[in-house]
Amino acid sequence: MVLASERINAIKAQLAGLSPEQQQEKLQEIVAALEPDEQEQLFGKQQCPFCSMAEGKIPVVKVYEDSDCMAILDIHPANKGHLLLFPKKHYAMMAQVPDDEAGKLFAVANKLSKAVFDGLNAAGSNIIAGNGAIAGQRAPHALVNIIPRFEGDKVAIGWNPVEVDENEFEPIAAKIKAKMPAEKKEAPKPVIKKYDAAEIKRRLP
Ligand SMILES: [Zn+2]
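About the thresholds
Residues numbered from 1 in each chain as written. Predicted model: local features only at pLDDT ≥ 70, side-chain atom pairs only at ≥ 80, totals over all residues. Heavy atoms only, no water. Donors = N, O, S within 2.8 Å, 3.2 Å for Na, K, Ca; no water. Tetrahedral: all angles 85-135°; square planar, octahedral: opposite > 155°, others 65-115°. Buried < 20%, exposed > 50% of the residue type's maximum accessible area, 1.4 Å probe, protein only. Core = buried A, V, L, I, M, F, W, Y, C linked by side-chain atoms within 4.5 Å. Helix = DSSP H or I, 4+ residues; strand = E, 2+ residues; numbered from the N terminus. Patch = residues over 30% accessible without salt bridge, like charges linked within 9 Å, V, L, I, M, F, W, Y side chains within 5 Å. Areas by Shrake-Rupley, 256 points an atom, 1.4 Å probe, with all protein chains shown as cover. Salt bridge = Lys/Arg side-chain N within 4 Å of Asp/Glu carboxyl O. Phe/Tyr/Trp six-rings, centres within 6.5 Å; stacked < 30°, edge-to-face > 60°. Expected span 1.5 Å × (residues − 1). Arc of directions from axis to C-beta. Contact = heavy atoms within 4.5 Å.

## Describing the coordination of the zinc ion
Step number 1: Every protein donor of the zinc ion is listed here as C48 (SG), C51 (SG), H90 (ND1) and H141 (ND1), and their distances to the metal cover 2.0 to 2.3 Å.
Step number 2: Taken together, the four donor atoms coordinating the zinc ion span angles of 102 to 118° at the metal, a pattern that classifies the geometry as tetrahedral.
Step number 3: All donors to the zinc ion come from one chain, and their sequence spacing reads C-x2-C-x38-H-x50-H.
Step number 4: A residue is classified by how much of its surface remains accessible, and C48, at 7% relative accessible area, is buried.
Step number 5: You can call C51 buried: its relative accessible area is 10%.

In structure tokens form, the structure reads like this:
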């Protein structure tokens, strides 16, 4: 979507008659509510640090790389060996990553987690992806954290269980189920058994 001239006029109308301080405040409010592509149109493309890392423009300590994704050591680690695995393409959050890429990403995360066990003698690991700032996502780019865990470490991941009425369980499940895309069912391929000539000959009376 582009900022149409009517849109700009509407913004100007909202600012009319306000004091400079009020205008400043109002403008910040309006900008915050713009779509990312509209913000980009106004301020130019903001370079995402993870996209820059994927393009090799920022030095990183790389642990893994293939054509689609890259894993690096986090420079602000929760623990020794904290890895950040991210797709090379820009996605603002994990929820936007297409199924096939998400599947591949998780498979790599799982391999890295195993490598962390063996390579760093970790006693456990956390594989975490936050969706949105409220979920603790700090980067502007979708990523998976792989955090090695050691006996007695001070990594804090957790929550206190909240009370949810038993009667709410089914309605909650129904709301989620209603938004799940239907599973594509492919017809099973017929199994064609192949016999080699010698086998058939041997079986013939
Ligand atoms: Zn990015």
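## Some points on the nonpolar core
Looking at soluble globular proteins, one finds that nonpolar side chains tend to be buried together.
Step number 1: One finds L85, M94, L105, L112, V144 and I146 to be the most contacted residues of the largest nonpolar core, which totals 16 residues.
Step number 2: Of all elements in the fold, only β2 (69–73), β3 (83–87), α5 (99–120) and β5 (144–149) reach the threshold of two or more residues within this core.
Step number 3: Take this core: its biggest share by element is five residues, from α5.
Step number 4: Residues C48, M70, I72 and A139 belong to the second largest nonpolar core, which totals eleven residues.

## Structural notes on a nonpolar patch on the surface
Step number 1: Taken together, the side chains of V162, V164, F169, I172, I176 and M180 present a nonpolar region at the surface, about 610 Å² in accessible area.
Step number 2: Mapping V164 onto the fold places it in the loop between β5 and α6 (169–178).
Step number 3: Judged by its relative accessible area of 35%, V164 falls in the partly exposed class.

## A look at unusual backbone geometry
Step number 1: Phi at N121 is positive, roughly 55°, even though this residue is not glycine.
Step number 2: Assessed through its relative accessible area of 66%, N121 is described here as exposed.

## Here's the deal with the packing of aromatic side chains
Step number 1: In total, this model carries one aromatic pair according to the counting rule given.
Step number 2: Aromatic side chains F50 and F86 sit 5.1 Å apart centroid to centroid with 80° between the ring planes, which places their arrangement in the edge-to-face category. Taken together, the residues span a long stretch of sequence, with F50 in helix α4 (residues 49–54) and F86 in strand β3 at a distance of 36 residues. Both residues of the pair, F50 and F86, count as buried.

## Some points on the pattern of salt bridges
Step number 1: If you walk through the whole model with that rule in mind, you get seven salt bridges.
Step number 2: In this structure, K57 engages E55 in a salt bridge whose closest nitrogen and oxygen atoms are separated by 2.7 Å.
Step number 3: The exposed category is assigned to K57, whose relative accessible area is 58%.
Step number 4: On the accessibility criterion, E55 (47% relative accessible area) is partly exposed.
Step number 5: Notably, a salt bridge pairs D68 with K104, separated by 2.8 Å at the nearest N-O pair.

## Notes on α5
Step number 1: Between the first and last C-alpha of α5 there are 31 Å, a value that for 22 residues agrees with the 32 Å anticipated at 1.5 Å per step.
Step number 2: Residues E101, L105, V108, A109, L112, S113 and V116 constitute the buried set of α5. For α5, the angular spread of buried residues about the axis comes to 150°, placing them on one side. Across α5 from its buried face, at more than 90 degrees, point the exposed residues D99, D100, K111, K114 and D118.
Step number 3: Contacts from the buried residues of α5 go to β1 (62–65), β2, β3, β4 (124–128) and β5.
Step number 4: Following α5 by one or two positions, N121 has its phi on the positive side, about 55°.

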